[in-house]
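Below are the chains, spelled out letter by letter.
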Amino acid sequence: MNAEIEDMNPLKQYADQVKFISEEMKAGNISMTEGAIRLQAVAVFVEQDAEIIEDERAAERMRKFADMIYGVLDKMKPDRRVMQ
């Protein structure tokens, strides 16, 4: 039953994708550029789903999540990165 509920929650699925991409970048399995491309694709899908979802509260959460992803992408730009 819980798996069915999880499958119906696209926001969780998108969050899992973002987490996976982040872990892949940290592990060095994909480059920062590849990670940014993948994150941007996820953000676009989130925005598209937010437009078609009927529950306005869920749609707003999805739009906020997309904004968060875009904020991360902005920080990933070479001129914005902090070198450690």
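Residues numbered from 1 in each chain as written. Predicted model: local features only at pLDDT ≥ 70, side-chain atom pairs only at ≥ 80, totals over all residues. Heavy atoms only, no water.

Asks: Where do I start with the nonpolar core in this structure?
Replies: It is characteristic of soluble globular proteins that their nonpolar side chains tend to be buried jointly. In terms of nonpolar packing, the biggest core is built from 16 residues, with Leu 39, Val 42, Val 46 and Ile 69 touching the most fellow members. The leading source of residues in this core is helix α4 (residues 56-76), at 6 residues. Beyond its immediate sequence surroundings of up to four residues, Val 46 is in contact with Tyr 14, Met 62, Phe 65 and Ala 66. (Core = buried A, V, L, I, M, F, W, Y, C linked by side-chain atoms within 4.5 Å. Buried < 20%, exposed > 50% of the residue type's maximum accessible area, 1.4 Å probe, protein only. Helix = DSSP H or I, 4+ residues; strand = E, 2+ residues; numbered from the N terminus. Contact = heavy atoms within 4.5 Å.)

Asks: Please clarify how helix α3 (residues 32-52) should be interpreted in this entry.
Replies: For the α-helix, the turn length of 3.6 residues means that residues three or four positions removed from each other point alike. In a regular helix each residue adds 1.5 Å, so 21 residues correspond to 30 Å; α3 covers 31 Å between its end C-alpha atoms and thus fits that length. For α3, the complete set of buried residues consists of Gly 35, Leu 39, Val 42, Ala 43, Val 46 and Ala 50. On an axial view of α3, the arc spanned by its buried residues comes to 105°, and they lie on one face. Exposed residues on α3 whose side chains face more than 90 degrees from its buried face are Thr 33, Glu 51 and Ile 52. (Expected span 1.5 Å × (residues − 1). Arc of directions from axis to C-beta.)

Asks: Is there a simple way to explain the side chain of Glu 24 in this structure?
Replies: Of note, Glu 24 is situated in helix α2 (residues 10-26). For the buried residue Glu 24, which engages in no salt bridge, the nearest side chain bearing the opposite charge is Arg 38, 5.4 Å off. The contacts of Glu 24, once residues within four sequence positions are left out, are Asn 29 and Ile 30. (Lys, Arg positive; Asp, Glu negative; His and termini not counted. Salt bridge = Lys/Arg side-chain N within 4 Å of Asp/Glu carboxyl O.)

Asks: Looking at this structure, how should I read the pattern of salt bridges?
Replies: Charged atoms that come close allow side chains of opposite charge to pair. Overall, the coordinates contain 5 salt bridges when judged by the stated rule. Residues Arg 38 and Glu 34 are paired through a salt bridge, measuring 2.9 Å at the closest nitrogen-oxygen approach. Highlighted residues: Arg 38 and Glu 34, both in helix α3, separated by 4 residues, approximately one helical turn. Take Glu 34: its relative accessible area is 31%, and that puts it in the partly exposed class. What you see here is one network of salt bridges that share partners, running through Glu 56, Glu 60 and Arg 63.

Asks: In this structure, what is going on with α2? I would like to understand it.
Replies: Here α2 is 17 residues long and its end C-alpha atoms lie 24 Å apart, about the 24 Å a rise of 1.5 Å per residue gives. Taken residue by residue, α2 has Tyr 14, Val 18, Ile 21, Glu 24 and Met 25 as its buried positions. Relative to the axis of α2, the buried residues are bounded by an arc of 125° and lie together on one face. When the buried face of α2 is taken as reference, the exposed residues oriented beyond 90 degrees from it are Lys 19 and Lys 26. Buried residues along α2 sit in contact with α3 and α4. Sitting at the head of α2, Asn 9 places a side-chain oxygen 3.2 Å from the backbone nitrogen of Leu 11. (Polar contact = N/O pair within 3.5 Å; in protein donor to acceptor, adjacent residues only side chain to side chain.)

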